[in-house]
Every structure is written in structure tokens, then in C-alpha cells.
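# Topology and contacts: notes
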Amino acid sequence: MQCPKCTHADTKVLDTRLGKNNLSIRRRRQCLGCGYRFTTIEEILREGLVVVKRNGVREEFDRAKMLAGIRRAAEKRPIEAEQIEMMIVEIIDELEREHGSEIPSESIGEHIMRRLKEIDQIAYVRFASVYKDFRDIEELAQEISDLKIVQ
Ligand SMILES: [Zn+2]
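Residues numbered from 1 in each chain as written. Predicted model: local features only at pLDDT ≥ 70, side-chain atom pairs only at ≥ 80, totals over all residues. Heavy atoms only, no water.

## Observations concerning the packing of aromatic side chains
- By the definition in use, this model includes one aromatic pair.
- An angle of 20° between the planes, with centres 6.1 Å apart, marks the rings of Tyr36 and Phe38 as stacked. (Phe/Tyr/Trp six-rings, centres within 6.5 Å; stacked < 30°, edge-to-face > 60°.)

And the structure:
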């Protein structure tokens, strides 16, 4: 594995541990060139997952799209990249358990929102404002005041 900092080709594994539900493996690695330490996450590759949109259109599940959406919401928030990676692993697992290989698009959004709500409420509101496509500012204000009640 290439070092993300200096692009040296060799790293050594310092530590390996199982992720939640034993569905992923995290490895702590160190670059043999510059000594930089980073973590990689290995997960079972799901093939053939299909997203069914509200209008019935089916498309291949796109993990990168999911990651980009969460990253955007989490920008400049105290959420670690690893936390987002683990969140995605767990959400995909939950979605597959609930729906099999055909996942309704709204279910993906619901799962992400549920997680973000627990981790960081600003990121949650950001994600929800894009995902739910709030019709007006009052609806968004309502959502925020609901959050306060939950706390
Ligand atoms: Zn390096």
C-alpha cells in the first residue's frame, strides 16, 4: 500500500483489528519511507447492490456518492474520516439486511441522517437540508427545534 503522504510504496502493518460486527478489518500502517502513520479499512465488497429511486429507476449502488454526500455535510466538523468510513460500512450492512440487494434510495438517506444525528447535529442538519430538500426555511427551523427537544 502506497503512503498517502510521500507516496513511498512500502508500509508495515502495526496493528490489525476487527471492526464492528466483524464485518471489516482496520489496519494501522506505518510508511517505511517517512514514518507517517495511517489507517486502512478493509470490508467485504458487496456486488450487485442496486438502488431503486423514488421514480422506480434502478441504478448501481455508488459508495463514492454516499461518501461524498456525508463528507460534504461533515466538512469542518469534528468528525474523523475513519468515523465516516466505519459509518458507511455499518450503514451498507444494515441496508442489505433490511432490503436485500435492492435498496430504496430514501432508505439510504434515512440511515445516514439517523447516524449523523447521533454524531453531530450540524452535519445532520446540513445533510438533511440537502436530502429532504426543505421546501422553505420554516420547515428547516422546525427540524432544528425538534432536535432541541430530543436532546
Ligand atoms: Zn511516507
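From this point, the discussion proceeds with the structure in view.
## A look at the coordination of the zinc ion
- In the first shell of the zinc ion, the protein supplies Cys3 (SG), Cys6 (SG), Cys31 (SG) and Cys34 (SG), at 2.2 to 2.4 Å from the metal.
- Geometry at the zinc ion is tetrahedral, judged from the four donor atoms that bind it and their angles of 103 to 113° at the metal.
- Site description for the zinc ion: donor spacing in sequence, C-x2-C-x24-C-x2-C. With Cys6 in the segment before strand E1 (11-18) and Cys34 in the loop between strand E2 (24-31) and strand E3 (37-43), this residue pair connects regions lying 28 residues apart in the sequence. (Donors = N, O, S within 2.8 Å, 3.2 Å for Na, K, Ca; no water. Tetrahedral: all angles 85-135°; square planar, octahedral: opposite > 155°, others 65-115°. Helix = DSSP H or I, 4+ residues; strand = E, 2+ residues; numbered from the N terminus.)

## Details of the pairing of E2
- Relative to E2, E1 is paired through seven bridges, and the arrangement is antiparallel. Bridged to Asp15 within E2 is Arg28. (Pairing = 2+ DSSP bridges.)

## What to know about the pattern of salt bridges
- Taken as a whole, this structure holds eleven salt bridges when the rule is applied.
- The salt bridge partner of Glu59 is Lys53, with a shortest N-O separation of 3.5 Å.
- A relative accessible area of 28% means that Glu59 is categorised as partly exposed.
- A salt bridge links Lys65 to Glu59; the nearest nitrogen and oxygen atoms lie 3.4 Å apart.
- Assessed through its relative accessible area of 52%, Lys65 is described here as exposed.
- Among the charged side chains, a network of salt bridges with common partners joins Lys53, Glu59 and Lys65. (Salt bridge = Lys/Arg side-chain N within 4 Å of Asp/Glu carboxyl O. Buried < 20%, exposed > 50% of the residue type's maximum accessible area, 1.4 Å probe, protein only.)

## Things to note about the sheet that holds strand E5 (residues 58-60)
- Spatially, three strands are ordered E5-E4-E6 in an open sheet, and the strand pairing comes out mixed. Looking along the sheet, the strands with just one partner apiece sit at the ends: E5 and strand E6 (102-104). Between one strand and the next, the sheet's axes are offset by a mean angle of 35°, whatever the strand orientation.
- On the sheet, helix H3 (residues 105-119) packs against strand E4 (50-52) and E6 and is oriented at approximately 65° with respect to E6. (Axes fitted to C-alpha atoms, helices over the stretch in contact; angles between N-to-C directions. Contact = heavy atoms within 4.5 Å.)

## Some details on the side chain of Asp120
- If you trace the backbone, Asp120 turns up in the loop between H3 and helix H4 (121-131).
- Not counting chain neighbours up to four residues away, the residues in contact with Asp120 comprise Arg77, Pro78 and Ile79.

## Topic: the sheet that holds E3
- Reading across from one edge, E1-E2-E3 is the order of the three strands in this open sheet, with antiparallel pairing throughout. Either end of the sheet is taken by a strand with one partner, and the two such strands are E1 and E3. Averaged over all pairs of adjacent strands, the angle between their axes in this sheet comes to 25°, without regard to strand direction.
- The strands touched by helix H2 (residues 81-99) are E2 and E3; relative to E3, the strand with the most contacts, the crossing angle is about 5°.

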